[in-house]
Amino acid sequence: MATPHTSDAAPADAAVQEEHIRHRRPYGSVLETIGWTPMIRLARVARGIRTPLYGKADFFNPGGSVKDRVGMPMIESHERAGTLKPGGTIVEATSGNTGVGLAIAAALKGYRCIFTMPDKMSQEKVRLLKAFGAEVIITPTAVPHDHPQNYVMMAKRIVSETPGAVLAGQFENPANPAAHMATTGPEIWEQTDGRITHFVAGAGTGGTITGVARYLKSKNPNIKIIAADPMGSVLAELWRSKGEGHPTGAPYKVEGVGQDCIPLTLDMSVIDEFISVSDKDAFGMARRLTREEGIFVGGSAGMIAHAAMNVARRLDDPDACVVTFLCDTGERYLSKVFNDEWMRENQMLDVSPTTIAAVLGNKDASAPAIVSVAPGASVRQAIRLMALHNVSQVPVMDGAVCIGSVAESQLTSKSLADPKVLDQSVSDVMDQPFPVVESDQPVESVAKLLSKSNRAVLMKKDGVVQGIVTRFDVLEHLMHR
């Protein structure tokens, strides 16, 4: 390959020079800036893999995604057909990015936009569409593709009820894959000097992978086209079964890719392989691209890059060239993929288990590590000791061994019922001893030991009890985590 440069190289190749020249003159409109997005070597996330891996960074488009490429072509197809008149309304079922591409073109053309979106899409996308003046209608995600509340069916109904409205039709409009055959495919071919051997992309509408595949295979039929698909989408299963059967699919979190049926804009015959990717792997790769490559992308780009890296590793060929698609910006997923709390709630964030020693270490350092009482002490002394140190329960220690426990609430209740209890020995009224756990035991397993009747555990290290962790301590840790 002539010049797809690594991230450490100077931008001196011909393609970059042409791009620099391209930007030296003003543009007539923002639409002229769409396309000719950079290609970047993913050298860090693919460290140790001999096969070169590149990402086509389509988040450099003005609307932040690959879908900017199809907005104007789809609108113009309706204008040529005479179905869209001046002052008309563009309606589309979108996961967000196609809506932005349409909204940018519509803003310059003077059209009204109405978009339907499934409720699993991020709030950033909803707000972005509204910022362009679009009307956004949210529909339920968990309905069949032919249900009236499905976002595609809802868009079609709005068109039928709105005078002068057309459905942009990214799922069936041939202008969608045609735009990629005319622009994205040639760009990739030129940027790799024709040495691309494998192209990896997702399939939502199928427009990108279909258009690019048709162009690349027209240049070199041996180029392999690989589709990354979310686990839960039916596309991979339908491709593997050659369209036989009726897979039902399952819910998944990654946005903008996968389907519950085959769109008309997806040509399955140009695809050589499908790779299914979990939400966790998709989001994990999106975060890795951001933190290791400085490339801020969303979950679908993470999904595709994860599949592409597996392809590159499997090939193990320095003469091969794998190109993946970085389809949109991570700014649309700040409340989800890049939100640790959301990732934890959805069991998609690997975290090292916190030990009970770490919880103990976060307690107030000014207080004693452990407040205990001897079995021969009086109840009166035990209550005063707990009040002095502002604790609710203490272990009863006979030397280094916990033989029982007392709680302030229980001692107070017993003393109020019979004041003579105040002068009894703690050993006469104590409850069962607190469990003793090792310092490296995970918090989650310790939490299972705590109950209403067992309010604390003692932490032991090197055979010596070194502190006490209460139900409240563990609860406070879990809340702050």
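None of these values were measured; they are calculated from a predicted model.

Asker: Describe the sheet that holds strand β2 (residues 53-57), and please don't skip the residues or the numbers.
Answerer: The 6 strands lie next to each other as β1-β2-β10-β7-β8-β9, forming an open sheet whose pairing is mixed. Because the sheet does not close on itself, it has two edges, and the strands there are β1 (39-41) and β9 (273-277). Averaged over neighbouring strand pairs, the angle between their axes works out to 30° when direction is ignored.

Asker: If you had to explain helix α4 (residues 123-131) to someone new, which residues and values would you point to?
Answerer: All of the buried residues in α4 are E124, K125, V126 and L129. On its buried face, α4 is in contact with α3 (97-109), β4 (112-118) and β5 (135-139). One or two positions beyond α4, positive phi appears at G133, with a value near 90°.

Asker: Tell me about the side chain of K56, residues and numbers included.
Answerer: If you trace the backbone, K56 turns up in strand β2. Only 2.8 Å separates the side chain of K56 from the backbone oxygen of T37, close enough to count as a polar contact.

Asker: Give a detailed account of the pattern of salt bridges, specifying residues and quantitative values.
Answerer: A full pass over the atoms with the stated rule returns 17 salt bridges. A salt bridge links D58 to R69; its shortest N-O distance comes to 2.6 Å. Taken together, the residues D58 in the loop between β2 and α2 (68-81) and R69 in helix α2 connect sequence positions 11 residues apart. Neither residue differs from the other here; D58 and R69 are each classed as buried. By sharing partners, the salt bridges in this structure join K56, D58, R69 and E187 into a single network.

Asker: Please provide a residue-by-residue account of the domain arrangement of the protein chain, values included.
Answerer: When its domains are assigned, the protein chain resolves into domain 1 (30-62 + 174-346), domain 2 (67-167) and domain 3 (356-480). For domain 1 versus domain 2, the separation of C-alpha centres amounts to 23 Å. Contacts between domain 1 and domain 2 engage 33 residues on the former and 26 residues on the latter. For the pair domain 1 and domain 2, the summed buried surface comes to about 2,100 Å²; carbon and sulfur atoms form 54% of the total. Looking at the side of domain 1 facing domain 2, the largest losses of area belong to L31, E255 and R332, adding up to 28% of the total buried there. The interface formed by domain 1 and domain 2 includes 3 salt bridges. Our count for the contact surface shared by domain 1 and domain 2 stands at 16 residue pairs in polar contact (both at pLDDT 80 or more). No other element matches helix α6 (residues 175-191), which puts 7 residues into the side of domain 1 that touches domain 2.

Asker: Mind laying out the packing of α6 against helix α7 (residues 207-219), listing which residues take part and the relevant values?
Answerer: The contact between α6 and α7 brings their axes to 7 Å, and the two run at 50°. On the basis of the axis angle, α6 is oblique to α7. The crossing of α6 and α7 is right-handed. Contacts between α6 and α7 pair N176, P177, H180, M181, T184, G185, P186, I188 and W189 from the former with G207, T208, T210, G211, V212, R214, Y215, L216 and K219 from the latter. Residue composition of the contact of α6 with α7, by class: 8 nonpolar, 8 polar and 2 charged.

Asker: Talk me through the nonpolar core; I want residue IDs and the actual numbers.
Answerer: In terms of nonpolar packing, the biggest core is built from 68 residues, with I188, F199, I209 and L216 touching the most fellow members. Residue contributions to this core peak at 9 residues, all from helix α10 (residues 299-315). Among residues more than four places away in sequence, those in contact with L216 are G185, I188, W189, I196, F199 and I223. Grouped together as the second largest cluster of nonpolar side chains are 25 residues, V100, L102, C113 and A134 included.

Asker: A description of the confidence of the model for the protein chain should follow, citing residues and the corresponding values.
Answerer: In the predicted model, the protein chain carries a mean pLDDT of 90, and the fraction of residues at 70 or more is 94%. Considering only residues more than four positions removed or in separate chains, one finds that residues 2-16, a stretch of pLDDT under 50, has 18 contacts.

Asker: Describe the sheet that holds strand β15 (residues 464-470), and please don't skip the residues or the numbers.
Answerer: Across a sheet, paired strands are connected by hydrogen bonds in the backbone, their directions being either parallel or antiparallel. An order of β13-β14-β15 is seen for the 3 strands of this open sheet, with the pairing classed as mixed. Edge positions in the sheet fall to β13 (436-438) and β15, since each has one partner strand and no second. Within the sheet, the average angular offset between the axes of one strand and its neighbour, ignoring direction, is 35°. Alignment of β13 against strand β14 (residues 456-461), held across 3 bridges, turns out to be parallel.

Asker: Tell me about the pairing of strand β11 (residues 393-398), residues and numbers included.
Answerer: Within a regular beta strand, the side chains point alternately toward one face of the sheet and then the other, so they alternate between its two faces. Across the 6 residues of β11, 5 count as buried, placing the element largely inside the fold. Sheet analysis places β11 next to strand β12 (residues 401-407), joined by 6 bridges and oriented antiparallel. When the sheet's bridge partners are listed, Q393 is paired in β12 with A407. As consecutive antiparallel partners, β11 and β12 are separated by 2 residues, and within that stretch G399 has a phi angle of approximately 70°, a positive value.

The rules we used
- Along each chain, residue indices are assigned from 1 in the same order as the chain's sequence is written.
- With pLDDT at 70 or above as the cut-off, local features in this predicted model cover only qualifying residues; side-chain atom pairs require 80 or more to be listed or tallied, and sums for whole chains, interfaces and linings still use all residues.
- Hydrogens are left out, water is left out, and the side-chain values use all remaining heavy atoms of the structure.
- Strand pairing is defined by DSSP finding a minimum of two bridges between the two strands.
- The helix and strand labels rest on DSSP assignments: H or I over at least four residues marks a helix, E over at least two residues marks a strand, and numbering proceeds from the N terminus.
- Interaxial angle, 0 to 180 degrees, is taken between N-to-C directions of lines fitted to C-alpha atoms, where a helix line uses only the stretch in contact.
- Buried residues are those whose accessible area, probed at 1.4 Å on protein chains only, stays under 20% of the maximum for their type, while exposed residues exceed 50% and partly exposed ones sit between those limits.
- Contacts were defined at the residue level, with two residues in contact if any of their heavy atoms lie within 4.5 Å.
- Whenever two N or O atoms come within 3.5 Å, that pair is a polar contact, provided that in protein one can donate a hydrogen and the other can accept it, and provided that, for residues adjacent in sequence, both atoms are side-chain atoms.
- Here, a salt bridge means any side-chain nitrogen of Lys or Arg that lies within 4 Å of a carboxyl oxygen of Asp or Glu.
- A domain assignment, automatic or from a database, supplies the domain bounds used here.
- Throughout, the accessible surface (probe 1.4 Å) given up by two parts as they are put together, summed over both, is called the buried area.
- Reported orientations rely on four angle classes, namely roughly parallel under 35 degrees, roughly antiparallel over 145, roughly perpendicular from 65 to 115, and oblique for the rest.
- Handedness of a crossing follows from how the near helix is turned relative to the far one, being left-handed for an anticlockwise turn of less than a right angle and right-handed for a clockwise one.
- Note on residue classes: Ala, Val, Leu, Ile, Met, Phe, Trp, Tyr, Cys and Pro are nonpolar, Asp, Glu, Lys and Arg are charged, and everything else, Gly too, is polar.
- The definition of a nonpolar core used throughout is a set of buried Ala, Val, Leu, Ile, Met, Phe, Trp, Tyr and Cys residues joined through side-chain atoms within 4.5 Å.
- Confidence of the prediction at every residue is given by pLDDT, a number between 0 and 100.

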